[in-house]
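# Fold and geometry: a report
The residues making up each chain are set out below.
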Amino acid sequence: MGNKPSILVIYTGGTIGMIQHPDSGTLQPFNFDDIYSQVLVLENINANIEFLEFESLIDSSNMHPDFWIKLASVIENKFDDYQGFVILHGTDTMAYTASALSFMLENLNKPVILTGSQLPLGIIRTDGRDNLINSIEIAMALKDGNPIVPEVAIYFENRLLRGNRTTKTNAENFSAFISGNYPSLAEVGVRIKYNYNFINRTNSKKLKVHKELDYNVAILKLFPGISQHIVSSTLNASNLKAVILESFGSGNAPTDKWFIKQLENAIKRNILIFNVTQCKEGSVEIGKYETSVDLGKIGVIGGFDITTETAIAKLMYLLGAKHNSGKIKKLLTTSLRGEITI
Ligand code: ASP
């Protein structure tokens, strides 16, 4: 093996790993043993690159928290053997997976770079080749002997974004993701320019993997005209423990008495209501407008500039840890992995 860094590429499914069937033209997963013939330049990268293919490859629309637990376990088991990890993943739920892993892998201190593509590797114009090669380069990158990106990130179309700040916003362009409230961790052109000031620092603590996730959560997206019936059926769903209230603008909502009353009753039943803005940029500021004052009074928790994807993952992680509701409220308004700006 020599002094070359070792990188583990974990293939979970998604468009990147597909090839067009020569007769039917349909997209099918290809055998990852053939990866070197798809991406010949991999041989020239100065690293030991190993591939691990999940036994069940999925379209990421079939993603489930149980799969995140398997992924986190793979990283835990292989942690000491590799300098960095690259996860090949479908784009549809990549932001959710990146967010979940950021919470599950505490004291990560190594790069976990998720990437995928809009066109399969087996298609000539694929964006997958560049995404894969650059992700490997980033996973290998060291400065003064330390990994430059010791956190969970998404690499896509020339940009490296913090995983738990990312949202998929485009189903067609090669540039599919945005990070509306946090700068890129790196921009890739002729050189890879790292924005060191915005990248998490390493610490000397040991990796701790959290594998309990509680997915008794829901999203209630507000829209003009939302009815009592819809609000009530969401808030009264069985086993519900937390609701993301996707609010307007800086955390605003209708002031109708019935609406506030329903939320208040849910909070009395110990259901957490977490206010996350529908906007892709900017932050929730409860009390800025009259239309959010009552939310603050009844105990709705402001989510600052968290994305909905990360709010879901953070709630699953905190509820899974079985903290009491006071502690969960405190941690929801604390940046645990750089996911919010306070
Ligand atoms: N539906 C695919 C997936 O998320 C799309 C992609 O890979 O980009 O798995």
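Position numbers for residues start from 1 in each chain and track the written sequence from start to end. Residue-level local features of this predicted model are given only where pLDDT is at least 70; pairs of side-chain atoms are given and counted only at 80 or more, and the full residue set underlies all totals for whole chains, interfaces and linings. Excluded from the side-chain calculation are hydrogens and water; included are all heavy atoms of the structure.

## Considering the nonpolar core
Ile10, Leu105 and Phe274 are the most contacted members of the largest nonpolar core, which has 54 residues in total. Helix and strand assignments come from DSSP, with helices taken as H or I runs of at least 4 residues and strands as E runs of at least 2, each series counted from the N terminus. Of the residues forming this core, the biggest block, eight residues, is contributed by helix H8 (residues 308-320). Excluding residues that lie within four positions of it along the chain, Phe274 makes contacts with Val243, Ile244, Leu245, Ile301, Gly302, Gly303, Ile306, Ala311, Leu315 and Leu332. Throughout, nonpolar core names a set of buried Ala, Val, Leu, Ile, Met, Phe, Trp, Tyr and Cys residues whose side chains join them through atoms within 4.5 Å. For every residue, the accessible area (1.4 Å probe, protein chains only) is compared with the maximum for its type, and the residue is labelled buried under 20%, exposed over 50%, or partly exposed between those bounds. Of all hydrophobic cores here, the second largest spans 34 residues; its members include Phe30, Val39, Ile113 and Ile199. Residue contacts are defined here by distance: any two heavy atoms, one from each residue, within 4.5 Å place the two residues in contact.

## Digging into the pairing of strand E10 (residues 152-156)
Burial analysis of E10 places five of its five residues in the buried class, the great majority of the element. Burial along E10 is two-sided: the face carrying Val152, Ile154 and Phe156 and the face carrying Ala153 and Tyr155 are both buried. Think of it this way: DSSP has to see at least two bridges between two strands before they count as a pair. As paired elements, strand E7 (residues 112-115) and E10 share three bridges and run parallel to each other. When the sheet's bridge partners are listed, Val112 is paired in E10 with Val152. Examined bridge by bridge, E10 and strand E11 (residues 159-162) share four bridges and lie antiparallel to one another. What sits directly across from Ile154, in E11, is Leu161.

## Observations concerning the site of the ligand
Around the ligand lies a shell formed by Gly14, Thr15, Asp59, Ser60, Gly90, Thr91, Asp92 and Ser117. In protein, a polar contact requires one atom able to donate a hydrogen and another able to accept it; more generally it is a pair of N or O atoms within 3.5 Å, and residues adjacent in sequence count only if both atoms are side-chain atoms. Between Asp59 and the ligand, the recorded distance is 2.9 Å, taken from a side-chain N or O atom to a nitrogen atom. Taken by itself the ligand offers 260 Å² of open surface, and the protein chains cover 88% of this. Residue polarity follows a fixed list, in which Ala, Val, Leu, Ile, Met, Phe, Trp, Tyr, Cys and Pro are nonpolar, Asp, Glu, Lys and Arg are charged, and the others, Gly among them, are polar. The residue inventory of the shell around the ligand, partitioned by class, reads no nonpolar, six polar and two charged. We call a residue near a molecule or strand when any one of its heavy atoms sits within 4 Å of it. Note on areas: these come from Shrake-Rupley sampling with a 1.4 Å probe, and a residue is covered only by the protein chains present in the view.

## Quick look at the packing of H8 against helix H9 (residues 325-332)
Where helices are involved, their axes are fitted lines through C-alpha atoms of the stretch in contact, as for all axes, and angles between N-to-C directions lie from 0 to 180°. Running from amino to carboxyl end, H8 crosses H9 at an angle of 150°, the nearest separation of the two axes being 10 Å. Between H8 and H9, the crossing angle belongs to the class labelled roughly antiparallel. Pair H8 / H9 crosses with right-handed handedness. Here Lys314, Leu315, Leu318 and Leu319 of H8 lie close against H9, whose contacting residues are Ile328, Leu331 and Leu332. For classification, angles of less than 35 degrees are called roughly parallel, those exceeding 145 degrees roughly antiparallel, those between 65 and 115 degrees roughly perpendicular, and all remaining angles oblique. With the far helix as reference, a near helix turned anticlockwise by less than a right angle produces a left-handed crossing, and one turned clockwise produces a right-handed crossing.

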